[in-house]
Each structure stands twice: as structure tokens, then as C-alpha cells.
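Summary of the model geometry
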Amino acid sequence: MTAQPAQQEPVTVRVFTRRFGSTPRGARLARHLAVDRLHAWGVPYGSDLSDALAVIVAELAANAVTHGRVPGRDFELRLTHLGAGVRVEVTDTHSGPPYPGVRSARSLDEHGRGLVLVEALADRWEVLDGRPPVKTVRAEVDLPRGGAGFGTR
């Protein structure tokens, strides 16, 4: 007698990876393509989840082109649908001093609020230092219970 294999749910891996020029235009393109990809995955344009992830991608990409830029080297955006949420990873060629973390901007500062926004919108985030000169900032946003927000596309 042979045992029947247990039925398993099909696993769909959804990953989007693309490299962009380390310019403000590259950062804008990263945000636009991320929102388009999320929409293709079933996260509607203008939804709370789409808007939160757009801000996270925009801030991390802007940081990559502002603080992690090395002329002639791109930054990479990776989106991963984790089933229970979305992971955003932005990798750049940061080669400076160790990452300073989140700081509070003074009221008249023009910069310094990006990671505060990421911290507020993401359920988890971290900085991963790779072999120099590589740094990845990873942020994860959980889906509402029941997986609302992702369709079956």
C-alpha cells in the first residue's frame, strides 16, 4: 500500500528586482515602477498599502541617490511578496562611515525625515551592511489580516 502525498497549496513567488541610475530621476522611476508592480500583484493604486509602500520606496531610493551614490554605480530595488506582506529592499554603494540610524530633524531642516517616515510606515526595518561598498535597507509591511490587498493576479 502506498501513502498518498498530502495536498499542498501552490506557492507563488513574487519578486521584482531592477537597477536604477543613482539620480533623482532613477529614484522617481523606482517609485513609479514599484507602484505599478504592486498594482499588477493586486494592490490597487491609491490604497493605503500602495501609498505606504510608495512612500517607503521613495524615501529609501532618495536616500540611495543622495547618501549612497558613487558615480557610475546604480542602486537596486527589490520588492518581494511574502504572502503575509511586502518586503522592500534598496541596495546602494554606500562606502562611508557606519549608518547613523534615525534622527529627529529640527523644524527648519530641509532633510532628515525620510527614515522617520519609513519607521512609522513599516512594521519592521533594518540596515544590512554587505561587503564594502554595499548597504541594503530593508523594510517590511504586513498585510491586513486575511491578506486583504493582494489579489490573485
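The following paragraphs examine the structure supplied in this document. (Residues numbered from 1 in each chain as written. Predicted model: local features only at pLDDT ≥ 70, side-chain atom pairs only at ≥ 80, totals over all residues. Heavy atoms only, no water.)

Looking now at the packing of helix H1 (residues 24–40) against helix H2 (residues 48–67). Between H1 and H2, the shortest axis-to-axis distance is 9 Å and the interhelical angle comes to 155 degrees. Put simply, H1 runs roughly antiparallel to H2. As H1 runs across H2, the sense of the crossing is right-handed. Of the residues in H2, those touching H1 at Pro-24, Ala-27, Ala-30, Arg-31, Ala-34, Val-35 and Leu-38 are Ser-50, Leu-53, Ala-54, Val-57, Ala-58, Ala-61, Ala-62 and Val-65. Its residues assigned to classes, the contact of H1 with H2 shows 13 nonpolar, one polar and one charged. (Axes fitted to C-alpha atoms, helices over the stretch in contact; angles between N-to-C directions. Helix = DSSP H or I, 4+ residues; strand = E, 2+ residues; numbered from the N terminus. Parallel < 35°, antiparallel > 145°, perpendicular 65-115°, else oblique. Left-handed = near helix turned anticlockwise from the far one by under 90°. Contact = heavy atoms within 4.5 Å. Nonpolar A, V, L, I, M, F, W, Y, C, P; charged D, E, K, R; others polar.)

Another aspect to go through is the packing of H2 against helix H3 (residues 114–121). At a minimum axis distance of 9 Å, the contact between H2 and H3 shows a crossing angle of 150 degrees. Helix-helix and strand crossings are classified by hand; for H2 and H3 the assignment is left-handed. Residues Ala-52, Val-55, Ile-56, Glu-59, Leu-60 and Asn-63 of H2 pack against Gly-114, Leu-115, Leu-117, Val-118 and Leu-121 of H3. Along the lines of polarity and charge, the residues of the contact of H2 with H3 split into eight nonpolar, two polar and one charged.

That's the geometry; what it means functionally is another story.
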